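Architecture at a glance
Each chain, written out:
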Amino acid sequence: MINAILIDDEKNALEVLEMQLNRYCKEVTILASCDGGVKGIAAIKKYNPDLVFLDIEMPHKNGFDVLNETKGNSYNVIFTTAYDQ
């Protein structure tokens with residue numbers, strides 16, 4: 001099993017990603033679905049996931065802030081963003 005956390009400030013994006021993972025990726029267990037970087041950082045530190053699906057552009061703490069503030073944790077990242085910069 002792959003333990004994962006989803007982090008995105010767009011509720012619809014979280015819902016669609018969770019639905020797709022549940023439908024097509026049975027080996028992925030979603031530990032937490034977080035609606036922003038602050039909650040995402042806390043979830044990463046609490047659950048120590050194998051994989052994080054991470055949005056880049058979010059208010060308060062962006063995706064790169066999340067990466068910087070969880071350097072002590074070891075996980076893989078899949079960026080899930082519409083941000084084109």
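Everything that follows concerns the structure shown earlier in this document.
What you are looking at is a predicted structure, and each value in this text was computed from that prediction instead of being measured.

Focus: the sheet that holds strand E1 (residues 2-7)
The sheet built from four strands is open, its strands ordered E2-E1-E3-E4 with parallel pairing. Edge positions in the open sheet fall to strand E2 (28-34) and strand E4 (76-79), since each of these has one partner strand only. Going across the sheet, the axis of each strand differs from the next one's by a mean of 20°, ignoring polarity. Where E1 and strand E3 (residues 51-54) come together, four bridges link them in parallel fashion. Residue pairing in the sheet places Ala 4 in a bridge with Leu 51 of E3. In this fold helix H1 (residues 11-24) packs onto E1, E2 and E3, with an angle of close to 170° to the strand it touches most, E2.

Regarding the side chain of Asp 55
Positionally, Asp 55 belongs in the loop between E3 and helix H3 (63-69). Polar side-chain contacts of Asp 55 include one of 3.0 Å to the side chain of Thr 81. Those residues within four positions of Asp 55 in sequence are excluded, and the remaining contacts are Ile 7, Asp 8, Asp 9, Gly 63, Thr 80 and Thr 81.

Considering a nonpolar patch on the surface
The grouping of Phe 64, Val 77 and Phe 79 at the surface amounts to a nonpolar patch, some 250 Å² of accessible area in total. Here Phe 64 is to be found in helix H3.

Side note on helix H2 (residues 37-47)
For H2, the complete set of buried residues consists of Gly 37, Gly 40, Ile 41, Ala 43 and Ile 44. Down the axis of H2, the sector holding all buried residues measures 165°, keeping them to one side. Two residues or fewer after H2 comes Asn 48, characterised by a positive phi angle close to 50°.

Thoughts on the packing of aromatic side chains
Each pair of aromatic rings is reported with the distance of its centres and the angle of its planes. For the structure on display, the rule yields one aromatic pair. For the ring pair Phe 64 and Phe 79, a centre distance of 6.1 Å and an interplane angle of 45° mean the geometry is tilted. A residue pair is termed long-range when its members are at least 10 positions apart, and Phe 64 in helix H3 and Phe 79 in strand E4 qualify at 15 residues. Classification of Phe 64 as partly exposed rests on a relative accessible area of 44%.

Cut-offs and rules
Residues numbered from 1 in each chain as written. Predicted model: local features only at pLDDT ≥ 70, side-chain atom pairs only at ≥ 80, totals over all residues. Heavy atoms only, no water. Pairing = 2+ DSSP bridges. Helix = DSSP H or I, 4+ residues; strand = E, 2+ residues; numbered from the N terminus. Axes fitted to C-alpha atoms, helices over the stretch in contact; angles between N-to-C directions. Contact = heavy atoms within 4.5 Å. Polar contact = N/O pair within 3.5 Å; in protein donor to acceptor, adjacent residues only side chain to side chain. Patch = residues over 30% accessible without salt bridge, like charges linked within 9 Å, V, L, I, M, F, W, Y side chains within 5 Å. Areas by Shrake-Rupley, 256 points an atom, 1.4 Å probe, with all protein chains shown as cover. Salt bridge = Lys/Arg side-chain N within 4 Å of Asp/Glu carboxyl O. Buried < 20%, exposed > 50% of the residue type's maximum accessible area, 1.4 Å probe, protein only. Arc of directions from axis to C-beta. Phe/Tyr/Trp six-rings, centres within 6.5 Å; stacked < 30°, edge-to-face > 60°.

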